Amino acid sequence: MFHLLEKRIAEAVSAYLTTRYGIQAGSAIEQPKDSRFGELALPAAFQLARQLRQPPRAIAAAIAEGMQPVEGVARIEPAGNGYLNVRLDRGYYGRALLEGVAGAGAGAEADGKIIVEHTNINPNKAAHIGHLRNAVLGDTFVRMLRARGREVEVQNYIDNTGVQVADVVVGFLHLEHKNAEDVRRLIGTTRFDYYCWDLYARTSALYKSNPEALAWRAETLHSIERGEGEAAELAHAVADAIVQAHLATMLRLGIVYDVLPRESEILRLKFWATAFELLKQRGAIHLETEGKNAGCWVMPAAAFGEETGTEDSKVIVRSNGTVTYVGKDIAYQLWKFGLLGKDFRYRRWSRYPDGREVWVSTDGEGDPGAPRFGAGARVYNVIDIRQAYLQKVVVAGLRALGFEEQAARSVHFSYEMVALSPRSCVELGIALSEEEKRAPYVLVSGRLGLGEKADDLIDKLAEKAAEEVDSRHPEAPLEERRRVAMQIAVGALRYFMLKFTRNTVIAFDFQEALSFEGETGPYVQYAAVRARNILRKLEERGGAMPDFARALPREAMARQLESEDFWQLLLAASKSGSAIERAIASGEPAHVAKYAFQLAQAFNNFYHEYPVLAEENPERRVFLLWMTDYFRRQLEDTLAVLGIEVPPYM
RNA sequence: GCGCCCGUAGCUCAGUUGGAUAGAGCGUCUGGCUACGAACCAGAAGGUCGCGUGUUCGAAUCGCGCCGGGCGCACCA
C-alpha cells in the first residue's frame, strides 16, 4: 500500500511539474527521518531552483498551493528551506490496509523469467559456512523476487568433472586403494561428505609432499573427461553422493532448487563444441601462434581489459585442447539466455517433502515430461567476489558474440567471503601465528580441511536452541520441542547470514552466530509468536475475532490513528512491499532482514505499551486487535521472504 | 606494478544511491516480571564518519591526493 501511494504521489507531482513549468523531472521521493516532517518528502524544489532561478522555498510553496488533491493524501506542504512534505490521510490509509488493497504482487513487472544460479558447490566434500552464505543469499533473493510476483527459476550448477572431484578420486585410488565397489559401500555406511572432506585434505597434502602425485590427477581428469575407466566410475559415484548430501544440508535451511545443470552434460551434449564454433565464427577468440600462450585459443584483453585492468589475453582453450572454466561458463551462459540453439535432456533427481521436484541434466534418455528450463530474460549468478575477474570475461564473451542486451542482463550477484574470527579458529583447534591472532579475521582453506562444516554449525545451533526451549516448555512433547528448536536454529542462521550487506567480509564468530538475542532471527520470530499468542489467548478466553471490516469503519480508523504512536506503528508495518522492492533494486537481501528486525522492534514496543486484551474501550480494543493481527501477518510474510518459519511457541 | 573493494560509537555493522539533529545490535551502567511468558521493554554514557582538499543551497555518500587494510590480475575453479 505504501509503495502504491509513493508511486501515485511521485507521478502526480511529476505530472504537475510538467504542466506548470514544462519540465520533465522524474521527481525523487524519500522518507523523512523525522516523523514530524510527514510520511513522505519531495526535494523537487531544490532540483528546480537553478533552472527557475527562484529560491527553493518559494517554488515548494507554489507547488503545494497549485497541486490538485491526490487520493489518499491529506495535504502537501512546503517545509524547511524547500522540501515538500506529504501527509497521508490516515483513515483512508488504515481502511485500505484493512481491505487488503494492493496486496502481494503489486510490484510485478512483466519482464520474463529470471534465472538465479546459486550454491554451486564442488561435489567433492561437505558444505562449509562460506557455501552457506552463497545459498542463503541466493535463496532469499529468489524468495524476494517471487514475493513481488516475478517468475524465477533456480539453478544449482554441478561441476562434476573438475579438479576437485578428481582429487578425491585420486585419494580413493592411490591413498586408500579402494575400488568403485568399496566406495559405494562407504556411501551407504558413512557420513560420506565428511569422509571426503578429510580425504580431500589428505590428497592436497600428498601433492605438496610428493608433487609427482600430480600425474595421478592429470590421469584421473582424462579418464573423467573420456567417461571411461575406474576413475570415471568413481568420480560419478562420488559426485552424485555429495550432491545428494549438499541438497540435504540445504533442505534443512529450506533451500530448494528447480534444476541441476551438470558440467558433464555441457561437455557430452556438445554445448561447448557449439559455443566454440560460435566464438570462432564471430572472431571473439583466436588461435595464438607465439608467446607464452602459443597453441591456445584466447580472448584478447581488448574485450575486457578496460573493466578488469588486465593486459593479458585470457586462455579459453588450452594448448592440449581442453577447455577452461571460462569457456564452459560462456557456453552455459548462452544456454541460460536461450542463445545456444541446444538444450539439455533431463531426468528427475529427487522429490522434496512438499512434492516439488528437482531435475538434473542427463546425456541419457530425457524425460519427455520435464519442464522447460533455461531461456531466461535475466540472469543472476550468485558467486563470490573473488571471481569478479572471470565473470567479467564471461560477460565480455557474450558481448563479443554480439549479445549486448543479454550481457547487460547478466548480473554477477557477488558477495564477500566468510572468514573466521581468531577466537573461532581457536575453538576449532586451528593453529594461528601471532600476526593472525591480532588480525580482525583469518581466511581458512577447505583444501586443508580447515573451517566449519555447514551441518556442524546447524547442529550446534539446534542444540543450543533445544536447551532454551527445554527450559521454557518442559511440558511439551519432545519431538515438537526439537522441531521448534530447529526452526529457531534456522532463523538464527539465516538471519545471521543476511544481516550483513553483500560486500562486507563476515568474520564468523561462534558467540555472535549462536546468539538468540538482539538483532537476530529469533528476536523477530519471538515478536511473531507474541502476536499469535495474543490472538490465541483471545480465543482461549472465549472471545472471537471481530469482523474488522464492519467494526472499524473509516471514521473509527481515523479516530484511532490520530494517536501518533499508532500511526507510526501502522505505517512501519505497512512498508514491507516497499522495503522488498528497494532491496530487489539494490540487490541487497540485507535490507529485508533489517526491515524485519525493525518491524519486530516496533511490535515489541506496541506489545509492552498497550495491553490488547485488557483494553476496556470497545472501539480501541477492536483496533488494537486489528493492529495485532496486521502485525502478525506482516511479520510472518516478511519472515517467509527471509526463509524463516514462525514456531508455535518460544 | 595494474584493477576492484573497504575504513562510521569500546566491538560487530546499517545508513533508502547527494538531503533535515549520523542510527542499530552487542558490551557497560540504571530501572522494569501477577502471564498478552523477560529469547522482552525503558533510560544513560559513548562520534573530528581514516586524514587533507575540491565540487554546491547541502557531503558519511561524488572528484582528486595521501594513510591504513583486504581481494583479484593462471593453459585452477
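Right above here is the structure, for reference.
All of the points below concern the structure found in this document.

About the criteria used
Residues numbered from 1 in each chain as written. Chains lettered and ligands numbered in written order. Predicted model: local features only at pLDDT ≥ 70, side-chain atom pairs only at ≥ 80, totals over all residues. Heavy atoms only, no water. Helix = DSSP H or I, 4+ residues; strand = E, 2+ residues; numbered from the N terminus. Rg over C-alpha atoms; globule rule 2.2 N^0.38 Å. Areas by Shrake-Rupley, 256 points an atom, 1.4 Å probe, with all protein chains shown as cover. Lys, Arg positive; Asp, Glu negative; His and termini not counted. Charge placed at Lys NZ, Arg CZ, Asp CG, Glu CD. 1 Å grid on protein atoms, 1.4 Å probe; cavity = no way out; pocket = protein on both sides within 12 Å on 5 of 7 lines; lining within 4 Å. Points joined across faces, edges and corners; volume = space filled by probe spheres on them. Nonpolar A, V, L, I, M, F, W, Y, C, P; charged D, E, K, R; others polar. Buried < 20%, exposed > 50% of the residue type's maximum accessible area, 1.4 Å probe, protein only. Pairing = 2+ DSSP bridges. Right-handed = clockwise from strand over helix to strand, strands pointing away. Near = heavy atom within 4 Å. Polar contact = N/O pair within 3.5 Å; in protein donor to acceptor, adjacent residues only side chain to side chain. Axes fitted to C-alpha atoms, helices over the stretch in contact; angles between N-to-C directions. Core = buried A, V, L, I, M, F, W, Y, C linked by side-chain atoms within 4.5 Å. Contact = heavy atoms within 4.5 Å. Salt bridge = Lys/Arg side-chain N within 4 Å of Asp/Glu carboxyl O. Phe/Tyr/Trp six-rings, centres within 6.5 Å; stacked < 30°, edge-to-face > 60°. Lys NZ or Arg CZ within 6 Å of the ring centre and 35° of its normal. Parallel < 35°, antiparallel > 145°, perpendicular 65-115°, else oblique. Left-handed = near helix turned anticlockwise from the far one by under 90°. Expected span 1.5 Å × (residues − 1).

Right, let's get into the overall build of chain A. What chain A contains, in helices and strands, is 28 helices and 15 strands. Relative to the globule expectation of 26 Å for 650 residues, the C-alpha radius of gyration of chain A, 29 Å, shows essentially globular dimensions. Accessible surface for chain A amounts to roughly 28,600 Å². Of this, 49% is attributable to carbon and sulfur atoms. Between the averaged position of the 79 positive side-chain charges in chain A and that of its 87 negative side-chain charges there is a distance of 2 Å.

Leftover empty space is mapped by rolling, across the atoms, a probe with the size of a water molecule. Applying the stated criterion across every chain yields a total of one cavity of 30 Å³ or more. Its boundaries defined by the atoms lining it, the largest cavity holds a volume of some 40 Å³. Each residue belonging to the lining of the largest cavity can be placed in one class, and the counts come to five nonpolar, three polar and no charged.

The next subject is the pairing of strand β4 (residues 114-117). Residues I114 and V116 line one face of β4 and the alternating positions I115 and E117 line the opposite face, and both faces are buried. Taken together, the four bridges between β4 and strand β5 (residues 152-155) define a ladder with parallel strand orientation. Across the sheet, residue E117 finds its bridge partner in β5, namely Q155. Note that the unit made of β4, helix α5 (residues 129-147) and β5 has a crossover that is right-handed. Note that β4 and strand β12 (residues 378-384) share four bridges and pair parallel. Residue V116 lies in a different strand from β12, and its bridge partner there is Y380.

What follows is about the protein's contact with RNA strand B. Taken together, 69 residues lie around RNA strand B, and Y83, R318, Y607, Y610 and P611 are the ones closest in. Near the protein, within 4 Å, the atoms of RNA strand B are sugar or phosphate in 70% of cases. One nitrogen or oxygen atom from the side chain of R582 is found 2.5 Å from a sugar or linking oxygen belonging to RNA strand B. By residue number, the principal contributor to the surface near RNA strand B is helix α27 (residues 589-609), which donates eight residues. Residue composition of the surface near RNA strand B, grouped by class: 29 nonpolar, 18 polar and 22 charged.

Further remarks concern the sheet that holds strand β1 (residues 40-42). Strand order in the open sheet formed by three strands is β1-β3-β2, with antiparallel pairing between adjacent strands. At either margin of the open sheet sits one strand with a lone partner, and together these are β1 and β2 (73-79). When the angles between neighbouring strand axes are averaged without regard to direction, this sheet yields 25°. Two elements, β1 and strand β3 (residues 83-88), share three bridges in a ladder whose sense is antiparallel.

Once that is clear, we can look at the nonpolar core. Core analysis: the biggest nonpolar cluster contains 147 residues, and I9, L88 and W626 have the highest contact counts within it. Excluding its chain neighbours within four sequence positions, the residues that come into contact with I9 are I29, L40, L42, V70, V73, V86 and L88. Core analysis: the second largest hydrophobic core is formed by 40 residues, Y157, I285, M299 and F403 among them.

Turning our eyes to something else, we now look at unusual backbone geometry. For N120, which is not glycine, the phi dihedral falls at a positive 45°. Looking at where N120 falls in the secondary structure, it is placed in the loop between β4 and α5. Look at N120 and you get partly exposed, because its relative accessible area is 24%.

Here we take up the pattern of salt bridges. Counted by the stated rule, this structure contains 49 salt bridges. Of the charged contacts in the structure, one is a salt bridge between D139 and R143, with a shortest N-O distance of 2.7 Å. With D139 and R143 both in helix α5, this residue pair falls four residues apart, about one helical turn. Accessibility expressed as a relative area gives 5% for D139, which makes it buried.

Right, let's talk about the sheet that holds strand β8 (residues 297-299) for a bit. Spatial strand order, β7-β8-β9: three strands in an open sheet with antiparallel pairing. Looking at the sheet topology across the chains shown, the edges are occupied by β7 (286-287) and β9 (314-317).

A full pass over the atoms with the stated rule returns 28 aromatic pairs. Taken together, a centroid distance of 6.2 Å and an interplanar angle of 75° make the contact between F304 and Y389 edge-to-face. Of this pair, F304 sits in the loop between β8 and α13 (305-308) while Y389 sits in helix α15 (residues 388-400), placing them 85 residues apart in sequence. Centre to centre, the rings of F344 and Y346 are 6.1 Å apart; their planes meet at 70°, and the pair counts as edge-to-face. Y346 shares its class with F344; the two are buried. Each member of the aromatic cluster is reached from another via a ring pair, and the members are F566, F603, F606, Y607, Y610, F623, W626, Y630 and F631. One residue, R502, lies across the ring of F413, its end atom 4.1 Å from the ring centre.

This brings us to the packing of helix α22 (residues 521-540) against α27. Put simply, α22 and α27 touch, their axes get as near as 9 Å, and they point 40° apart. On the basis of their axis angle, the class for α22 and α27 is oblique. The interaxial crossing formed by α22 with α27 has left-handed handedness. The segment α22 lies against α27, with Y523, V524, A527, R530, A531 and I534 engaging A596, F597, A600, Q601, F603, N604, Y607 and H608.

The next subject is helix α20 (residues 478-498). Between its terminal C-alpha atoms α20 stretches 30 Å, which fits the 30 Å expected from 21 residues at 1.5 Å a residue. Burial analysis of α20 places 15 of its 21 residues in the buried class, which makes it a mostly covered element.

So, on to the packing of helix α9 (residues 214-226) against helix α10 (residues 229-252). Running from N to C, α9 and α10 point in directions that differ by 75°, and their axes come no closer than 8 Å. When the interaxial angle is binned, α9 and α10 end up roughly perpendicular. Residue-level inspection shows T220, S223 and I224 of α9 in contact with α10, the latter providing G229, A231, A232 and A235. Broken down by class, the residue content of the contact of α9 with α10 amounts to four nonpolar, three polar and no charged.

The values are spatial; any link to function lies outside them.
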